[in-house]
Amino acid sequence: MKALVYNGVGQKEWVEKPKPTIQSATDVIVRVTATTICGTDLHILKGDVPTIAPGTTLGHEGVGVVEEVGAGIRGFKPGDRVLIACITACGSCRNCRKGMHSHCLDGGGWQLGHLIDGTQAEYVRIPHGDFSLHRIPEGMDEEALVMLSDILPTGFEIGVLAGKVSPGDTVAIVGAGPVGMAALLTAGFYSPAKIIMVDMDKKRLSLARQFGATDAVDVSEGNAAEAIMAMTDGVGVDVAMEAVGIPKTFELCQDIIAPGGRIANIGVHGTKVDLALERLWIQNISISMGLVNTDTMQQLMRSVETGQIDPSALITHRFDLDEIVEAYEVFGNAAEEGALKVLLKAPAA
Ligand SMILES: [Zn+2]
Ligand SMILES: [Zn+2]
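Residues numbered from 1 in each chain as written. Chains lettered and ligands numbered in written order. Predicted model: local features only at pLDDT ≥ 70, side-chain atom pairs only at ≥ 80, totals over all residues. Heavy atoms only, no water.

Some remarks on the coordination of the zinc ion (ligand 2)
Moving on, step 1. Every protein donor of the zinc ion (ligand 2) is accounted for by Cys-90 (SG), Cys-93 (SG), Cys-96 (SG) and Cys-104 (SG), and the metal-donor separations fall at 2.3 to 2.4 Å.
Moving on, step 2. Coordination at the zinc ion (ligand 2) is tetrahedral, judged from the 4 donor atoms that bind it and the angles of 104 to 118 degrees they form at the metal.
Moving on, step 3. Linear spacing of the donor residues for the zinc ion (ligand 2) on their chain is C-x2-C-x2-C-x7-C. Cys-104 matches Cys-96 in its accessibility class, with the two residues each being buried. (Donors = N, O, S within 2.8 Å, 3.2 Å for Na, K, Ca; no water. Tetrahedral: all angles 85-135°; square planar, octahedral: opposite > 155°, others 65-115°. Buried < 20%, exposed > 50% of the residue type's maximum accessible area, 1.4 Å probe, protein only.)

Quick word on the coordination of the zinc ion (ligand 1)
Moving on, step 1. Distances from the zinc ion (ligand 1) to its protein donors, Cys-38 (SG), His-60 (NE2) and Asp-150 (OD), fall within 1.7 to 2.1 Å.
Moving on, step 2. Between the donor residues of the zinc ion (ligand 1), the gaps in sequence give the motif C-x21-H-x89-D. In this pair, Cys-38 sits in the loop between strand S3 (28-36) and helix H1 (39-46) while His-60 sits in the loop between H1 and strand S4 (62-69), placing the two residues 22 residues apart along the sequence. We note that Cys-38, like His-60, is buried. (Helix = DSSP H or I, 4+ residues; strand = E, 2+ residues; numbered from the N terminus.)

Description of a nonpolar patch on the surface
Moving on, step 1. Taken together, Leu-275, Leu-277, Trp-281, Ile-282, Ile-287 and Met-289 make up a surface patch of nonpolar side chains, about 670 Å² in accessible area.
Moving on, step 2. Relative to the assigned elements, Leu-275 resides in the loop between strand S12 (257-265) and helix H10 (277-280).
Moving on, step 3. Looking at Leu-275, the relative accessible area reads 44%, which means it is partly exposed. (Patch = residues over 30% accessible without salt bridge, like charges linked within 9 Å, V, L, I, M, F, W, Y side chains within 5 Å. Areas by Shrake-Rupley, 256 points an atom, 1.4 Å probe, with all protein chains shown as cover. Salt bridge = Lys/Arg side-chain N within 4 Å of Asp/Glu carboxyl O.)

Some words on the pairing of S3
Moving on, step 1. With 8 of 9 residues buried, S3 lies mostly within the body of the structure.
Moving on, step 2. Examined bridge by bridge, S3 and S4 share 7 bridges and lie antiparallel to one another. Counted as the bridge partner of Ile-29 is Glu-68 from S4.
Moving on, step 3. Alignment of S3 against strand S6 (residues 123-126), held across 4 bridges, turns out to be antiparallel. Among the inter-strand pairings, Ile-29 is bridged to a residue of S6, identified as Arg-125. (Pairing = 2+ DSSP bridges.)

Some remarks on the UniProt feature "domain: Enoyl reductase (ER)" (unreviewed entry) in the protein chain
Moving on, step 1. In the UniProt entry, the feature "domain: Enoyl reductase (ER)" (unreviewed entry) is given for residues 8-344.
Moving on, step 2. Taken end to end, residues 8-344 has its terminal C-alpha atoms 23 Å apart, with 28% of it in helix and 23% in strand. (UniProt positions renumbered as here; feature names shortened; annotations may be inferred.)

Things to note about the environment of Glu-67
Moving on, step 1. Turning to its location among the elements, Glu-67 is positioned in strand S4.
Moving on, step 2. Judged by its relative accessible area of 31%, Glu-67 is partly exposed.
Moving on, step 3. With 58 residues separating them in the primary sequence, Glu-67 and Arg-125 have C-alpha atoms 9.9 Å apart.
Moving on, step 4. Look past the residues within four positions of Glu-67 in its chain and what remains in contact with it is Lys-19, Ile-29, Val-30, Arg-31, Pro-78 and Tyr-123. (Contact = heavy atoms within 4.5 Å.)

As structure tokens, this is what we get:
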């Protein structure tokens, strides 16, 4: 089969590789029908994720059809259409029982396209298949569901739920990339009064307005903190979500948060960030952060099924799976290409 393999910093290749086989009774082999590229894959190629070994197939998002199941699998059979969670979890270890699937102690957590071969391939092996796969209801838009492997639950769990978005709140989302947009789409569940989208890309900001942002702040047009304070009568925002992962954007969140507010950090940070405790403590601010658990996937799937959210709107480019190297180019030059999410489809079997 073909797979997109990480060959060391800055190097990737679409190569022939052996098809994965069942290694444990709880494994499921999935034929990938659609996958996508994540900002995290670009971080890996930049060298930000030293835990990945050269030769690993990239990718942790996708949908597909069950090809083969291990002897211990109860919930799936060959031919079932499935959504793959970016987090692998056994469902029964101490951390899984606390709902902390991202830190599953039994070979789980962020495994796919990191510690084991991922989804940017014709076939993928999913450990703990019963818990790490989700059945796709009949007649659902599978392209939209690829957005549910990672970005929708990340924006929802780490942004909206951790930030406790409530009716009437003023929310700022700093970063209008795919995860910021996912937070925007799912913040709507809680009817905030105002959602201010903050970015430096005009195309993304106008797209955010189509997705329900009430206001947009272009950081390239002056002091963003002052602009947001002016929009909120000098009070600041109830929830500030950081969806970039650099010190400057986290600092902006600290500058615009209202007393009693919540800063929800979604961004993946590579360097330390100054925490203005001397200003924040007296303002009753809480700060949250984390890796997605993906335990809201069923909930989000129902929201897509009933038309409450349409994550397929995040897909700006479509490619055949074997054009993946070209797709990386487009996704890597997102600003010039106007790219948000690129969808890669395998030819029909
Ligand atoms: Zn991802
Ligand atoms: Zn576990």
